[in-house]
Amino acid sequence: MELVYALALLITGVAAGFASGMLGVGGCFIMVPVQFWVLTSMGVEPTMATRISFGTALAVALPTAINAAQGHYRRGAVVPRAALLLGITGLVGAFFGGTVAAHAPGALLRIVFGLVIIVAASRMLMGPGAQTGCGEGGCGGGGGGGGEGGEGLVARSDSCYLLLGLPLGFLCGLVGIGGGVIMVPLLSMVMGFGMHRAVGTSTAAIILTSSGGVLSYVLNGLSVSGLPPSSLGYVNLLQFALLAGTSIPTACVGVRVAHRFSADRLRVVFTVLMFYMALKMMGVFELLHLPI
């Protein structure tokens, strides 16, 4: 791998880790476009490059999310039961989503990737805000340590989280994202979570959803010929090492920044990054001849 590609991946890992800690996402929507550019620049066929980008990004999201979730939990921003229930069915859904992606055209996958992120970003931008429920300050008992009762959470049955996790997980596996870009808006606006609690709970759920996706991309790619060196199925171990090496430590920095930002500022940062990366992956800037 050329030095310029290695440096690009290292820098991308920094951005992805920071986003994971601060925004409750796996950072995949940042990693995937850069990985795709690196792979295609190295001569990898676009459809294969898309699948490798998805599988490797999910692999990086796993340890990054573990690191970030610990920081959010210490600050009482994780609802453990919600994260576990979402993650259990999300893992199953992500496995099947990854299997579908392993047999779908790369161009279609990139378009779906962009559309999913644009829809999630639009919902977040136009949503009612972090004060769904009682907002960040909390209202009611149970707060610290990630308990269920803080931050004015709307009471939900276990089946509600389980049913929500399955389609979320499927989309995560299909388009190679940990799920935070979808989970954060839903938890904030539909499930009644304040923004910080939505971010923390999403980060914890990503641990399971990304695990299901990684397993699927590895298994479905084991018998594929023409993969680049250092690949385990559709997960490239060299790219994983470069991305994870910088994303894991910077996730802690993102957690600290998140808890010093207002919910409105978090939302703005979240949506701007999502729109840019979605349009980039869909090739919109290339069609408009914009060098960004």
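Quick note: structure is the one above.
Residues numbered from 1 in each chain as written. Predicted model: local features only at pLDDT ≥ 70, side-chain atom pairs only at ≥ 80, totals over all residues. Heavy atoms only, no water.

1. Comments concerning unusual backbone geometry
- Within the chain, serine 230 stands out as a residue other than glycine whose phi angle is a positive 65 degrees.
- Looking at the element boundaries, serine 230 is found in the loop between helix H8 (195-221) and strand S1 (231-232).
- The class of serine 230 is partly exposed, set by a relative accessible area of 44%. (Helix = DSSP H or I, 4+ residues; strand = E, 2+ residues; numbered from the N terminus. Buried < 20%, exposed > 50% of the residue type's maximum accessible area, 1.4 Å probe, protein only.)

2. Some points on the side chain of histidine 72
- By the secondary structure assignment, histidine 72 is in helix H3 (residues 46-74).
- Discounting residues that sit within four places of it in the chain, histidine 72 has contacts with Gly21, Ala77, Val78, Val199, Gly200, Thr203, Val255, Ala258 and His259. (Contact = heavy atoms within 4.5 Å.)

3. Examining helix H7 (residues 180-189)
- For H7, the buried fraction is high: nine of the 10 residues fall into the buried class.
- Among the residues making up H7, those that are buried are Gly180, Val181, Ile182, Met183, Val184, Pro185, Leu187, Ser188 and Met189.

4. Here's the deal with a nonpolar patch on the surface
- On the surface, Leu91, Val92, Phe96, Val100, Leu166 and Phe170 cluster together into a nonpolar patch covering about 470 Å² of accessible area.
- Elements represented by at least two residues in the nonpolar patch include exactly helix H4 (80-101) and helix H6 (158-175).
- For leucine 166, the position within the fold is in helix H6.
- Overall, the relative accessible area of 42% leaves leucine 166 in the partly exposed class. (Patch = residues over 30% accessible without salt bridge, like charges linked within 9 Å, V, L, I, M, F, W, Y side chains within 5 Å. Areas by Shrake-Rupley, 256 points an atom, 1.4 Å probe, with all protein chains shown as cover. Salt bridge = Lys/Arg side-chain N within 4 Å of Asp/Glu carboxyl O.)

5. Focus on the layout of surface pockets
- Here the largest pocket defines a volume of roughly 340 Å³.
- Around the largest pocket, the lining is made up of 17 residues, and of these Pro33, Phe36, Lys280, Met281 and Glu286 lie nearest the centre.
- Elements that contribute at least two residues to the lining of the largest pocket include exactly helix H2 (28-41), helix H5 (106-126), helix H10 (263-282) and helix H11 (284-287).
- When residues of the lining of the largest pocket are assigned to their parent elements, the largest contribution, five residues, is made by H10.
- Each residue belonging to the lining of the largest pocket can be placed in one class, and the counts come to 13 nonpolar, one polar and three charged.
- The computed volume of the second largest pocket comes to approximately 160 Å³. (1 Å grid on protein atoms, 1.4 Å probe; cavity = no way out; pocket = protein on both sides within 12 Å on 5 of 7 lines; lining within 4 Å. Points joined across faces, edges and corners; volume = space filled by probe spheres on them. Nonpolar A, V, L, I, M, F, W, Y, C, P; charged D, E, K, R; others polar.)

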